[in-house]
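# Descriptive analysis of the structure
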Amino acid sequence: MIEPRVKVTTKNQFDRRPLLVFWEMTKACPLACFHCRADAQLRCGPDELSTLEGINLIDSLAALGRPRPILILTGGDCLMRDDIVDLAAYAHSQNVPVAIAPSVSPKLATSTLEALRRAGVKSASLSLDGSNALTHDAVRGIPGHFDATLRAIDELQACGFTTQINTTVMAANVREMADVASLLHERNVDVWEVFFLITTGRGSSVRATSAQENEEVCHFLVDASRYGFTVRTVEAPFFRRVALERQKNLNRELRADIDSTYGFLRARLVELLGPSSAPIRTPSAATRDGKGIIFVGANGDVYPSGFLPITLGNVRHSNLIEIYRDHELLRSIRAAHFVGPCNDCEYADLCGGSRSRAYAAHANALASDPGCVRTGDDLALAR
């Protein structure tokens, strides 16, 4: 007799408040990244939230009391906003934790970084999308940007920031992931956050990794997390399933053909850094688009995430937290009311699939995530 599968569930800690609030302060950015979600432009737009409107947004987070969400100032390039230090300082005065996600550009000056540290910002993230200049500079559209990014990592650390590196994995760079991990290990980076490409914005024409490749990259990332930095993913909540399954079988060797994506990356990681017996460092908070995460666009429009272009309201007219709590789509996402295999999976709550990828593929944010191997025949095999 086939035993009924019991869903792996988590507490509903994200029903009332998000963990992360992303504010796209501006779409302005001097880079020309070919996978850009924001479809960034060179100048700030006339409809961006004003300083006062930004203060009102911060007040809505402060009113929640402890634990307040982390406000992540992003873009475009958040440093294109002249009021970023003032807004960060105000958030700090209201006990709202702030992190920054700037671009590597001339705006990333030591004086600005030091001012942001004095304003209470402790964490900063930069993007590194390849292990060498050839790959990274091609993605970013700026010659010399790879070397500038390595210098910027050193600068952030010298200024005392907890440093996170964001890498978008796609077909063009997937086999460089072990070399990227080695670079981050050498520089004592604190967090590696790996974005799994969503075909939206400029990224619509970029070839993403397949569901099988995603699964194998996740297994590699579990291995990479044993080399001194925490590993997180964006738009790959199935990483939590992989990490949990690996934790349960910690002492069992994971077999893989050397020609497979995982086999190649694991062998390359050991070649570069040697074997590791350190604990796995992967977070377990069961967030996904609209569950623990909310995104405020430059003009105040609210989205489940920066990769899911469904407008839920606007902070100029509505309270962000009320939108987060009450919007029907977000309530369905948090309740794991999905369509198809994602709904039937025992990891529907812990994972729940990428709502952004489901929408990009099916025009339905509650559809199943085609980026997960368990949404096809593999799900039936796993029963």
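Scope of this entry: the structure provided in the associated data block. Please read these numbers as outputs of a predicted model, since none were measured by experiment. (Residues numbered from 1 in each chain as written. Predicted model: local features only at pLDDT ≥ 70, side-chain atom pairs only at ≥ 80, totals over all residues. Heavy atoms only, no water.)

### A look at the overall build of the protein chain
Within the protein chain, the regular secondary structure consists of 14 helices and 11 strands. A total of 383 residues make up the protein chain; the buried ones form 56% of that total. Considering only contacts in the protein chain between residues 6 or more positions apart, those separated by 24 or more positions represent 74%. Approximately 16,400 Å² of the protein chain is accessible, and the part contributed by carbon and sulfur atoms is 51%. (Helix = DSSP H or I, 4+ residues; strand = E, 2+ residues; numbered from the N terminus. Buried < 20%, exposed > 50% of the residue type's maximum accessible area, 1.4 Å probe, protein only. Contact = heavy atoms within 4.5 Å. Areas by Shrake-Rupley, 256 points an atom, 1.4 Å probe, with all protein chains shown as cover.)

### Comments concerning the nonpolar core
Core analysis: the largest hydrophobic core is formed by 94 residues, its most contacted members being I100, W192 and F220. Ignoring anything within four residues of it in the chain, the contact list for I100 reads L73, C78, I84, L113, L116, V121, S123, A124, S125 and F161. (Core = buried A, V, L, I, M, F, W, Y, C linked by side-chain atoms within 4.5 Å.)

### Some details on the packing of aromatic side chains
With the rule as written, the count across this model stands at 5 aromatic pairs. Centre to centre, the rings of W192 and F220 are 6.4 Å apart; their planes meet at 85°, and the pair counts as edge-to-face. Taken together, the residues W192 in strand β6 (residues 191-196) and F220 in helix α7 (residues 211-224) connect sequence positions 28 residues apart. Between F295 and Y303, the ring centres sit 6.4 Å apart and the planes meet at 55°, which makes this aromatic pair tilted. A relative accessible area of 5% means that F295 is categorised as buried. (Phe/Tyr/Trp six-rings, centres within 6.5 Å; stacked < 30°, edge-to-face > 60°.)

### What about the pairing of strand β5 (residues 162-169)?
Within β5, 7 of the 8 residues are buried, leaving the element largely enclosed by the surrounding structure. Bridge count for strand β4 (residues 123-127) against β5 is 5 bridges, and the pairing is parallel. Its bridge partner lying in β5, S125 is registered against Q164. The pairing of β5 with β6 spans 6 bridges and is classified as parallel. Bridged to Q164 within β6 is V191. After leaving β5, the chain enters helix α6 (residues 177-186) and then returns to the sheet as β6, a path that is right-handed. (Pairing = 2+ DSSP bridges. Right-handed = clockwise from strand over helix to strand, strands pointing away.)

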